[in-house]
Amino acid sequence: MKDKDLLLLSFLRSNGRESLTNLSKKTKIPVSTIFDRLKYYEQDVISRHTALLDFSKLGYTAKAKILLKVRKEEREDLAKFFQNRKEINSADRINNGYDFIVEGIFKNVKELHLFMEILEEKFDIGEKQIFFVLDELLKENFLCGSPASLPKNYGEDI
Amino acid sequence: MLTQKEMKVLRCLRKDARRSMTTIAKETKLPLASILLIMRRLENSVVTKYTTLLNHSALGHNVKVHFMTKGMDEEFLKNPQINTIYKISGKYNYFIEGIFKDLSQMEKFKERLGNHRQFFVMEETKVEEFQP
């Protein structure tokens, strides 16, 4: 990946709605080239452009990180379950004693407990740990900001 | 609380933040003139940031790790490898998501973490998909 393309992605990480004209000014890449590069990267490198939200201002007061361990045979079904549940914002398959770490967003603690009850009725949950998110100090910050703040050799070997 | 019109626009932006105002107006069946006003209101309240989610492994950053720690160095807020930091309840005080080129880069980062537990991400099942 060219340094300028990396710069383009970093500006989009900082502001996903930045106009093509502004991106062109900031990166010194012609607008038409930026348009083409975006289309190209949207095939595999860019997953989605989105708005990050303060869910508490929408009435969702309970946000939690949940660690879960299930039987090996149930892992695929549990992954599908998370994909279909609207309460689950993010889910990762992990190692080190647990199988999943999920981020759930709920109206209140009662709704979280109801979700956990449904989860435990459907799956044989071996171990679980719930951590409530008290504050977001940083969110989706990797590759954001000025070129100086980018990880060294970010784009090498690509 | 948001109005129904504001919620419609918000859902559009959550699905694809780069949609033009014209497209948003068509999808929500709201007048174009009100879209800009609604967006400004949302940006001053619930929208914390517009961003582009990346497939980091496609860019050569293959190691994504969740750390749980008791303490956190203020410098971490400026650390380029850190994607997300939450203050959490319970046994640990902080949840940190780091993205690294390789294991040696991660090991170097860990030297500053102190007492922690780490979980390597084997596969991303869902990323930032909650729709209010």
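Residues numbered from 1 in each chain as written. Chains lettered and ligands numbered in written order. Predicted model: local features only at pLDDT ≥ 70, side-chain atom pairs only at ≥ 80, totals over all residues.

Considerations on the overall build of chain A
Put simply, the rule is: Put simply, DSSP marks the helices as runs of H or I at least four residues long and the strands as runs of E at least two long, and each gets a number from the N terminus on. Radius of gyration means the value over C-alpha atoms here, while the globule rule gives 2.2 Å times the residue count to the 0.38 power. To sort residues by burial, count the other C-beta atoms lying within 10 Å of each one's C-beta; a count of 20 or more means buried, 12 or fewer means exposed, and anything in between means partly exposed. C-beta atoms are built from the backbone. Contacts here follow a simple rule: the backbone-placed C-beta atoms of the two residues must lie within 7 Å.
The helix and strand inventory of chain A stands at five helices and five strands. Listed N to C, the secondary structure of chain A is α-α-α-β-β-α-β-β-α-β in terms of helices and strands. The C-alpha radius of gyration computed for chain A amounts to 20 Å, which surpasses the reference 15 Å derived for 158 residues by more than 25%, pointing to a less compact arrangement than a globule. The principal-axis extent of the C-alpha atoms belonging to chain A is close to 55 × 35 × 25 Å. Looking at chain A as a whole, 34% of its 158 residues qualify as buried. For chain A, restricting intrachain contacts to residue pairs at least 6 apart in sequence, the fraction spanning at least 24 positions comes to 62%.

Comments concerning the interface of chain B and chain A
Operational definition: When residues are grouped by polarity, Ala, Val, Leu, Ile, Met, Phe, Trp, Tyr, Cys and Pro land in nonpolar, Asp, Glu, Lys and Arg in charged, and all others, Gly among them, in polar.
Counting residues at the interface gives 51 residues for chain B and 58 residues for chain A. Listing elements by their share of the side of chain B that touches chain A, those giving two or more residues are α1 (4-15), β1 (47-54), β3 (82-88), β4 (94-100) and β5 (116-126) of chain B. Here the side of chain B that touches chain A takes nine residues from β5 of chain B, the largest share from any one element. Tallied by class, the residues present in the side of chain B that touches chain A amount to 26 nonpolar, 15 polar and ten charged.

Notes on the sheet that holds strand β4 (residues 100-106) of chain A
Quick reminder of the rule: Between any two strands, at least two bridges found by DSSP are needed for them to pair. Here the axes come from fitting lines to C-alpha atoms, over the contacting stretch only for helices, and the angles between their N-to-C directions go from 0 to 180 degrees.
A barrel is described by the order of its strands in space; here eight strands give the closed sequence β2(A)-β4(A)-β3(A)-β5(B)-β2(B)-β4(B)-β3(B)-β5(A), paired in antiparallel fashion. Sheet twist, expressed as the mean angle between neighbouring strand axes with direction ignored, is 35°. The pairing of strand β2 (residues 62-70) of chain A with β4 of chain A spans seven bridges and is classified as antiparallel. What sits directly across from Ala 64 of chain A, in β4 of chain A, is Gly 104 of chain A. Relative to the sheet, helix α4 (residues 75-84) of chain A contacts β2, β3 (88-94) and β4 of chain A together with β5 of chain B, its axis offset from that of β5 of chain B by approximately 75°. Of the strands in this sheet, β2, β4 and β5 (125-138) of chain A touch helix α5 (residues 109-122) of chain A, which is tilted by about 140° from β4 of chain A.

Focus on the domain arrangement of chain B
Defined as follows: Residue ranges labeled as domains rest on an automatic or database domain assignment.
Domain annotation of chain B identifies domain 1 (4-43) and domain 2 (56-120). The C-alpha-based centres of domain 1 of chain B and domain 2 of chain B are spaced at 35 Å.

Quick word on the nonpolar core
Going by this rule: For our purposes the nonpolar core covers buried Ala, Val, Leu, Ile, Met, Phe, Trp, Tyr and Cys residues that link as a set through C-beta atoms within 7 Å.
By size, the foremost hydrophobic cluster in this structure holds 44 residues, and its most contacted members are Tyr 98, Phe 100, Ile 101 and Val 102 of chain A together with Tyr 94 and Phe 95 of chain B. Tallying contributions element by element places β2 of chain A first for this core, with six residues. Setting aside residues up to four positions removed in sequence, Tyr 98 of chain A forms contacts with Leu 67, Leu 68, Lys 69 and Glu 127 of chain A together with Phe 119 of chain B. Formed by 18 residues, the second largest nonpolar core is a distinct cluster that contains Tyr 60 of chain A together with Leu 10, Ile 24 and Ile 38 of chain B.

Notes on the confidence of the model for chain B
Put simply, the test is: A residue's pLDDT is the confidence the predictor assigns to it, expressed on a 0 to 100 scale.
Mean pLDDT over chain B works out to 95, with 100% of the residues at or above the 70 mark. For this predicted complex, the interface confidence reaches an ipTM of 0.96, while the overall pTM sits at 0.93.

As for the domain arrangement of chain A
Taken domain by domain, chain A comprises domain 1 (3-50) and domain 2 (55-132). Using C-alpha coordinates to define each centre, domain 1 of chain A is positioned 34 Å away from domain 2 of chain A.

Quick word on the environment of Asp 36 of chain A
Residues and elements named next belong to chain A. Along the chain, Asp 36 falls in helix α3 (residues 31-41). Residue classification places Asp 36 among the exposed residues on the basis of 12 C-beta atoms within 10 Å. Spatially, the C-alpha atom of Asp 36 lies 16 Å from that of Arg 48, the residues being twelve residues apart in sequence.

Digging into helix α3 (residues 32-43) of chain B
Residues and elements named next belong to chain B. Selection criterion: For a helix, the expected span equals 1.5 Å multiplied by the number of residues minus one. By arc we mean the arc of the directions from the helix axis to the C-beta atoms, nothing more.
Under the 1.5 Å per step criterion, the end-to-end length of α3 is 17 Å for twelve residues, consistent within 8% with the ideal 16 Å. For α3, the complete set of buried residues consists of Ile 35, Ile 38 and Met 39. Looking straight down α3, one finds its buried side chains confined to an arc of 100°; they lie on one side. What points out from α3, more than 90 degrees from its buried face, is the exposed set Ala 33, Leu 36 and Arg 40. In the core, the buried residues of α3 are packed alongside α1 and α2 (21-28).

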